[in-house]
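Topology and contacts: notes
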Amino acid sequence: TRDRENLEKKANFSNGERKLNSHKSTVKDAIILNDSTIISISFDSTIKLTKLNTGEIIQLRKSSKYWGLTASTEFVIAANSSNQLEFFTIQNGGETAAYSHTKDLNFQNQSITAIKYFHAKNLLIIGTSRGALYLYDILQSKFIFKDLKSHNSLITSISQKEDLVLTTSYDTKVILWNFNEVSKYKWQKIFHSHKDQVYAASFIGENSVLSIGKRGG
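Residues numbered from 1 in each chain as written. Predicted model: local features only at pLDDT ≥ 70, side-chain atom pairs only at ≥ 80, totals over all residues. Heavy atoms only, no water.

**Describing the overall build of the protein**
Short version of the rule: Put simply, DSSP H or I for four residues or longer makes a helix, DSSP E for two residues or longer makes a strand, and each gets a number counted from the N terminus. Only protein chains enter the accessibility calculation, which uses a 1.4 Å probe; a residue whose area is less than 20% of its type maximum is buried, one above 50% is exposed, and one in between is partly exposed. For this analysis, residues touch if any pair of their heavy atoms sits within 4.5 Å. All accessibility values rest on the Shrake-Rupley procedure with a 1.4 Å probe; residue burial counts only the protein chains present in the view.
For the protein, the count of helices and strands is 1 helix and 18 strands. Among the 217 residues that make up the protein, the fraction classed as buried is 45%. Counting contacts in the protein only where the partners sit at least 6 residues apart, residues at least 24 apart contribute 36% of the total. Of the accessible surface of the protein, which amounts to about 11,600 Å², a share of 44% is contributed by carbon and sulfur atoms.

Have a look at this one:
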């Protein structure tokens, strides 16, 4: 598409790829703010903004090890290993972002490992190291849903499409949830597609799900 061609030109891609050496350790996640700006988080405890058209890399904040990254229309939200949500205000149409504030979440004996902004409900979906899934109302600073049993190990990723949510876990399961109500799920379907840890899943087209697991899984 024309948008993809413009992005590749701005990023100076060679053979369809470009390496961005933004971090010193594992990059946990990255999101595209607009056609020339990427924000990424890493286990090096930094969140950075990279401008594809100039190659400029800006460190937005250094904190605890980052595990989750998502965005609403107004904020980029990063979750760190201290169970904090860090908010960055999106500015200039996504050209840049600036640190705004931090919210502490009081989890006991577990840590945040995945987050996803639930655009259809204006909520934050949170997964944890013990397999718990939460819906969090950011404006009211309260949890309105929790599930402690469906996954029994670390939640690795969360995807969302309209009222549907996908979660993956080290417990080998991919779970599809229907949240047409915010206080409970209408139904869920559990896929046992892998024999080992599942790292990520996403919606493909209207009726398909693509999942990625550990080699041999």
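Having put the structure on the table, let's press on.
**Topic: a nonpolar patch on the surface**
To be explicit about the condition: By definition, no residue in a patch forms a salt bridge, and every one has over 30% relative accessible area; like charges are joined within 9 Å, nonpolar side chains (Val, Leu, Ile, Met, Phe, Trp, Tyr) within 5 Å. Salt bridges are defined as contacts in which a side-chain nitrogen from Lys or Arg sits within 4 Å of a carboxyl oxygen from Asp or Glu.
Taken together, the side chains of Tyr170, Tyr199 and Ile212 make up a nonpolar region of the molecular surface, amounting to roughly 270 Å² of accessible area. Turning to its location among the elements, Tyr199 is positioned in strand β17 (residues 198-204).

**Regarding the pairing of strand β3 (residues 46-51)**
Test applied: Pairing between strands is defined by DSSP: at least two bridges between them are needed.
β3 sits mainly inside the fold: 6 of its 6 residues count as buried. Burial of β3 is two-sided: the residues Thr46, Lys48 and Thr50 facing one way and the residues Ile47, Leu49 and Lys51 facing the other way are all buried. When strand β2 (residues 37-42) meets β3, the two strands line up antiparallel, connected through 5 bridges. In the strand pairing of β3, Ile39 is matched with Leu49. Where β2 folds back on β3, the antiparallel hairpin that results is connected by 3 residues, among which Ser45 adopts a positive phi of roughly 75 degrees. Judged from the 5 bridges that link them, β3 and strand β4 (residues 57-62) form a sheet pairing that is antiparallel. Looking across to β4, one finds that Lys48 is bridged to Gln59. Linkage of β3 to β4, two consecutive antiparallel strands, is achieved through a turn of 5 residues, within which Gly55 is found at a positive phi near 80 degrees.

**A short note on unusual backbone geometry**
Of note, the phi angle at Asn109 is positive, near 60 degrees, even though the residue is not glycine. Assignment of secondary structure puts Asn109 in the loop between β8 (96-104) and β9 (112-118). Its identity is not glycine, yet Thr172 carries a phi of approximately 80 degrees, on the positive side. Here Thr172 shows up in the loop between β14 (164-169) and β15 (174-178).

**As for the pattern of salt bridges**
Applying the stated criterion across every chain, the model contains 4 salt bridges. Residue Lys51 is joined to Glu95 by a salt bridge in which the shortest nitrogen-to-oxygen separation is 4.0 Å. Here Lys51 is found in strand β3, whereas its partner Glu95 is found in the loop between β7 (84-91) and β8, with 44 residues between them in sequence. Salt-bridge contacts for Glu86 lead to Arg61; the nearest nitrogen and oxygen are separated by 3.2 Å. Taken together, the residues Glu86 in strand β7 and Arg61 in strand β4 connect sequence positions 25 residues apart. Arg61 gets classed as partly exposed once you look at its relative accessible area, which sits at 26%.

**Digging into the sheet that holds β2**
Under the convention used in this document: Throughout, an axis means a line fitted to C-alpha atoms (over the contacting stretch in the case of helices), and angles, computed between N-to-C directions, take values from 0 to 180 degrees.
Taken in spatial order, the 4 strands make up an open sheet running β1-β2-β3-β4, and their pairing is antiparallel. Of all the strands in the sheet, just β1 (27-34) and β4 have a single pairing partner and so form its edges. On average, each strand axis in the sheet is inclined to that of its neighbour by 20 degrees, with strand direction left out of account. As paired strands, β1 and β2 are joined by 6 bridges and run antiparallel to one another. Looking across to β2, one finds that Ala30 is bridged to Ser40.

**Some words on the pairing of β2**
Counting buried positions along β2 yields 6 of 6 residues, so the element is predominantly enclosed. Burial along β2 is two-sided: the face carrying Thr37, Ile39 and Ile41 and the face carrying Ile38, Ser40 and Ser42 are both buried. Between β1 and β2, which pair antiparallel and follow one another directly, the connecting turn spans 2 residues.

**Things to note about the sheet that holds β14**
Either a parallel or an antiparallel arrangement is found when strands of a sheet pair, and the pairing is made through backbone hydrogen bonds. With respect to topology, 4 strands assemble into an open sheet ordered β13-β14-β15-β16, the strand pairing being antiparallel. Because the sheet does not close on itself, it has two edges, and the strands there are β13 (155-161) and β16 (187-191). Taking each pair of neighbouring strands and ignoring which way they run, the sheet shows an average axis angle of 15 degrees. Note that β14 and β15 share 5 bridges and pair antiparallel. Each bridged residue has a counterpart across the sheet, and for Leu164 the counterpart in β15 is Asn178.

All quantities given are derived from atomic positions and should not be read as evidence of function.
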